[in-house]
Amino acid sequence: MSKIVPTKSNLISAKKSLALARLGYDLMDKKRTILIREMMTLIDIAQDVQSRIDMVYNNAYKALQRANISLGSCDEFAHCVPIDDSLQLSSRSVMGVELPTVSIDDRAFSLHYGLDSTNSQLDEACLQFGEVKKLTAQLAQVESSVYRLALAIKKTQKRANALKNILIPRFEETIRYISSALEEKEREDFGRLKIAKRR
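Attention here is on the structure that accompanies the text. None of these values were measured; they are calculated from a predicted model. (Residues numbered from 1 in each chain as written. Predicted model: local features only at pLDDT ≥ 70, side-chain atom pairs only at ≥ 80, totals over all residues. Heavy atoms only, no water.)

**Details of the pattern of salt bridges**
As enumerated under the stated definition, the model contains six salt bridges in all. Across the salt bridge formed by glutamate 173 and arginine 176, the nearest N and O atoms sit 3.0 Å from each other. Placement of the pair is glutamate 173 and arginine 176 together in helix H3 (residues 120–198), with a separation of three residues, close to one helical turn. Among the residues examined, arginine 176 registers a relative accessible area of 49% and is labelled partly exposed. (Salt bridge = Lys/Arg side-chain N within 4 Å of Asp/Glu carboxyl O. Helix = DSSP H or I, 4+ residues; strand = E, 2+ residues; numbered from the N terminus. Buried < 20%, exposed > 50% of the residue type's maximum accessible area, 1.4 Å probe, protein only.)

This is the structure in structure tokens:
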């Protein structure tokens, strides 16, 4: 505190800094609230997708087991299916936090293997794993978004706490110090002025 010269310009500057710090704290608090609301929404979606994905994975593996039992092994047919490059990754911004958006082209189901050596069990397994792929992409998007939002909330909370507990009290103390020093100086000047008038 002793390094600050108690002048009116420093008082005005400290008051402006205090007002800015309070505004910054209000904005950080609003940002944190919005991010928490967004994260809670995504957590609800993640729980819904997680419950669905467990069932779909279970159905897909059962379908694959049935196909393996009826065909002997599905390894050679799996090599006929081309690599899927329909996954598209973009992002959206929520209060400055970039959240991933994953999308998969919804192509119609098509067979990539011959019909003479396969059966409907293999077709059912392919359909089920197509559904697994979609839900896995959706779950990855939601979980990644929740993780990024949690990090942003933590960072925002630290900044808000720093403003509330360190900067704002420091500016308030500076204003009190400068104000009291200026008032003391005014009283001294007033006293000197009265003494000078008496003489």
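**Some details on the pairing of strand E1 (residues 87–94)**
As paired strands, E1 and strand E2 (residues 97–104) are joined by eight bridges and run antiparallel to one another. Bridging across to E2, valine 94 finds its partner in valine 97. What sits between the antiparallel neighbours E1 and E2 is a turn of two residues, in which methionine 95 has the positive phi angle 55°. (Pairing = 2+ DSSP bridges.)

**Some thoughts on helix H1 (residues 8–71)**
Its 64 residues place the ends of H1 89 Å apart at the C-alpha level, agreeing with the 94 Å of an ideal helix rising 1.5 Å per residue. Residue glycine 72 follows H1 closely and has a positive phi angle near 95°. (Expected span 1.5 Å × (residues − 1).)

**Concerning a nonpolar patch on the surface**
A cluster of nonpolar side chains, namely Leu20, Leu23 and Leu27, defines an oily patch on the protein surface of about 310 Å² accessible area. With respect to the element layout, leucine 20 can be found in helix H1. Note on leucine 20: relative accessible area 59%, which makes it exposed. (Patch = residues over 30% accessible without salt bridge, like charges linked within 9 Å, V, L, I, M, F, W, Y side chains within 5 Å. Areas by Shrake-Rupley, 256 points an atom, 1.4 Å probe, with all protein chains shown as cover.)

**Examining the packing of aromatic side chains**
Aromatic ring pairs are described here by two measures, namely the spacing of the ring centres and the angle between the planes. All chains considered together, the criterion is met by two aromatic pairs. Taken together, a centroid distance of 5.4 Å and an interplanar angle of 90° make the contact between tyrosine 61 and phenylalanine 129 edge-to-face. Placement of the pair is tyrosine 61 in helix H1 and phenylalanine 129 in helix H3, with a sequence separation of 68 residues. The structure contains a cluster of three or more aromatic residues connected by ring pairs, namely Tyr57, Tyr61 and Phe129. (Phe/Tyr/Trp six-rings, centres within 6.5 Å; stacked < 30°, edge-to-face > 60°.)

**Some words on the nonpolar core**
With twelve residues, the main nonpolar core is built from Leu35, Met39, Leu42, Ala46, Val94, Val97, Leu99, Val142, Val146, Leu149, Ala152 and Ile153. If you list the elements that add at least two residues to this core, you get H1, E2 and H3. Broken down by element, this core gets its largest block of residues, five residues, from H3. What leucine 149 contacts, discounting residues up to four positions off in sequence, is Leu35, Glu38, Met39, Leu42, Val97 and Leu99. Counting residues in hydrophobic clusters, the runner-up holds eleven residues, among them Leu18, Met28, Ile178 and Leu182. (Core = buried A, V, L, I, M, F, W, Y, C linked by side-chain atoms within 4.5 Å. Contact = heavy atoms within 4.5 Å.)

**Overview of the environment of lysine 134**
If you trace the backbone, lysine 134 turns up in helix H3. Separated by 30 residues in the primary sequence, lysine 134 and isoleucine 104 have C-alpha atoms spaced 6.9 Å apart. When neighbours within four sequence positions are excluded, lysine 134 is seen to be in contact with Ile104 and Asp106.

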